[in-house]
Amino acid sequence: MKRATSTLIGFIMVLSPLTRETTAGQTKDPLAFPGDSFTVETKMVKTAAGEKKVTFRAYLHIPYVANPVDKDYQSLNVSIPVEIDGKAVDAENAPILFDIGVGGYMSVRNAGGNPGGPGSGRGGPPNSSSVSSRSDLALAAGYVIVSPGCRGRDNKAADGTYYGKAPAAIVDLKAAVRYIRHNKGVMPGNVDRIVSVGCSAGGALSALLGASGNSPLYDAYLKEIGAADAADDIYASACYSPITDLEHADGAYEWMFGPIPARSGLVDQELSKQLKASYAEYQQSLNIKGKNNFGTLSADNYDKYLLQYYLVPSANKYLKELTDNARIAYLANNKWITWTDAGASFTFTDYVAHVGRMKNLPAFDDFNMKQPEPELFGNKTTAARHFTNFSLRQSTGDQHAEIDSELKTLVNMMNAMYFIRQNNRDCAVQWWLRNGTSDNHTSQTVMVNLATSLENMNRGVNAWVFWDGGHCADDDPEGLITWIGAVTGFSMHAEAGK
Ligand code: DHB
């Protein structure tokens with residue numbers, strides 16, 4: 001029986017499009033994990049529990065598709081811990097941290113000697129030098145780290161055409177996940193415990209990877225680049241300041257910041273009101289229920305919901321952890337906060353004024369198409385395109401103009417909320433969502449809509465906002481590592497004892 005199975009596998013391998021003839025006439029899988037091609041590296045990792053010496057196998061620049069458009073981007077790095085503080089560790093069954101380094105929807109290059117390669121950029125925690133980067137902390141916890149490169153809106157070929165516009169980045173990340181699955185049992189790590197992480201555009205891609213697992217929408221794109229024929233769902237998704245739900249983000253931004261002056265002054269209040277009204281409609285259509293019978297979240301009650309479940313708890317934690325003197329000083333500088341035995345209280349309006357408005361109107365699909373998002377939705381020959389009817393109509397003056405249906409599909413393919421609204425069956429089961437309360441890159445409703453929709457779908461959601469934290473804030477880098485251990489049930493000490 002065993003022999004028959006291996007013969008069958010051999011037969012399938014010969015037929016697979018992912019195999020290549022070698023000169024010896026044997027077939028070679030171009031997506032096989034190069035088990036022996038590693039270097040052994042050592043690094044000191046600063047954890048909350050002190051420094052750890054981690055020895056790991058480093059695999060660099062492995063192409064993850066058979067027909068790459070540009071393998072400098074469509075390749076990944078893998079780090080596999082083998083010894084921590086002198087003790088051997090076994091990563092065979094360890095969670096796999098899939099560390100998305102994307103910022104601003106730009107490409108992530110993965111080529112030799114590149115200091116800006118994956119894992120080098122947005123690995124957080126950005127504002128703290130007391131502990132090492134997220135991926136190093138994960139490595140020191142015995143997890144396998146995969147750092148994928150991927151295409152982005154900036155990729156331009158010698159002939160001037162673009163090759164990284166939407167949906168290239170998510171297609172590449174899915175291909176990298178498929179590569180990991182394809183190498184199940186060969187590459188160490190538990191393919192059923194892949195946890196993605198990223199911040200901002202990377203957080204949005206992490207959310208999208210988590211939400212869109214195994215969606216057939218991407219199949220043709222994946223086939224074209226020769227992605228492995230394997231599942232691309234992931235177990236868990238960690239998202240810091242996710243810049244997602246792009247086509248609704250302009251309205252949400254006006255809902256939150258409409259009457260607050262930007263650096264260049266007050267934005268057009270009439271247009272702001274129109275966008276805010278479209279957001280109210282969208283929010284209603286989501287039909288998601290807040291915690292503890294709060295009811296359906298709407299443009300009218302979202303301020304109250306954010307205060308009750310996110311902002312006040314965050315302020316309370318922050319203020320309680322200050323020394324008495326530091327708290328007195330903080331409150332003296334922030335008279336909009338009332339502090340009593342019951343904790344902090346403040347109005348949403350005062351909170352938003354404290355945060356301030358960063359972007360102009362529209363915040364994402366801006367009329368001049370200078371923001372990252374119109375560029376994300378460019379195409380092979382067009383640097384940037386409007387992707388909302390609102391901005392298209394404003395800039396063409398044609399009140400009936402419509403985003404064409406092909407672009408609309410691309411916009412959906414870049415939006416985690418699209419797949420969550422479809423109740424995608426293979427949506428990740430565990431979610432870690434984080435933002436800073438002072439992040440003014442997008443509305444606070446964006447992450448909380450993600451959190452609430454996922455709660456409504458009975459997914460495990462651990463969501464928190466860091467008080468006075470900015471874009472990509474991470475005051476609790478070890479929290480993610482501990483959470484991954486808890487939701488995956490992995491402990492390197494338990495593995496060592498097996
Ligand atoms: C990022 C920030 C933005 O404000 C935005 O619109 C898109 C991406 C980022 O930091 O990745």
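Not measured: the values here are computed from a predicted model. (Residues numbered from 1 in each chain as written. Predicted model: local features only at pLDDT ≥ 70, side-chain atom pairs only at ≥ 80, totals over all residues. Heavy atoms only, no water.)

### Here we look at the state of the cysteines
Scanning all chains against the criterion turns up 1 disulfide. Sulfur-sulfur distance for the disulfide between Cys-199 and Cys-472 comes to 2.1 Å. Between Cys-199 and Cys-472, the S-S torsion sits near 80 degrees, and that sign places the bridge as right-handed. Of this pair, Cys-199 sits in strand S9 (residues 194-199) while Cys-472 is found in the loop between strand S16 (460-466) and helix H16 (477-488), placing the two residues 273 residues apart along the sequence. Left without a disulfide partner, Cys-150 is nearest to the cysteine sulfur of Cys-199, which lies 13 Å away. Lacking any disulfide linkage, Cys-427 is separated from the closest cysteine sulfur, that of Cys-239, by 10 Å. Residue Cys-427 is classed as buried on the basis of its relative accessible area, which comes to 4%. (Disulfide = S-S within 2.5 Å. Helix = DSSP H or I, 4+ residues; strand = E, 2+ residues; numbered from the N terminus. Buried < 20%, exposed > 50% of the residue type's maximum accessible area, 1.4 Å probe, protein only.)

### Observations regarding the domain arrangement of the protein
Parsing the protein into structural domains produces domain 1 (2-10 + 29-241 + 477-496) and domain 2 (246-466). Computed over C-alpha atoms only, the centres of domain 1 and domain 2 are separated by 28 Å. Between domain 1 and domain 2, the residue contacts involve 34 residues of the former and 36 residues of the latter. Between domain 1 and domain 2, the buried area comes to about 3,000 Å², and carbon and sulfur atoms account for 65% of it. Contact with domain 2 buries area across many residues of domain 1, yet Tyr-105, Ala-166 and Ala-211 alone supply 19% of it, more than any other trio. On inspection of domain 1 and its partner domain 2, the count reaches 1 salt bridge. The residue Glu-375 makes a salt bridge to Arg-153 at a minimum N-O spacing of 2.8 Å. On the surface where domain 1 and domain 2 come into contact, there are 20 residue pairs in polar contact (both at pLDDT 80 or more). Of all the secondary structure elements, the ones that give two or more residues to the side of domain 1 that touches domain 2 are helix H4 (201-211), strand S10 (236-240) and H16. The class makeup of the residues in the side of domain 1 that touches domain 2 is 21 nonpolar, 10 polar and 3 charged. (Domains from an automatic or database assignment. Contact = heavy atoms within 4.5 Å. Buried area = accessible area lost by both parts, 1.4 Å probe. Salt bridge = Lys/Arg side-chain N within 4 Å of Asp/Glu carboxyl O. Polar contact = N/O pair within 3.5 Å; in protein donor to acceptor, adjacent residues only side chain to side chain. Nonpolar A, V, L, I, M, F, W, Y, C, P; charged D, E, K, R; others polar.)

### Some details on the side chain of Thr-161
In this structure, Thr-161 sits in the loop between strand S8 (144-148) and helix H3 (168-182). Overall, Thr-161 belongs to the buried group, its relative accessible area being 16%. Beyond its immediate stretch of four places on either side in the chain, Thr-161 contacts Asn-155, Lys-156 and Lys-380.

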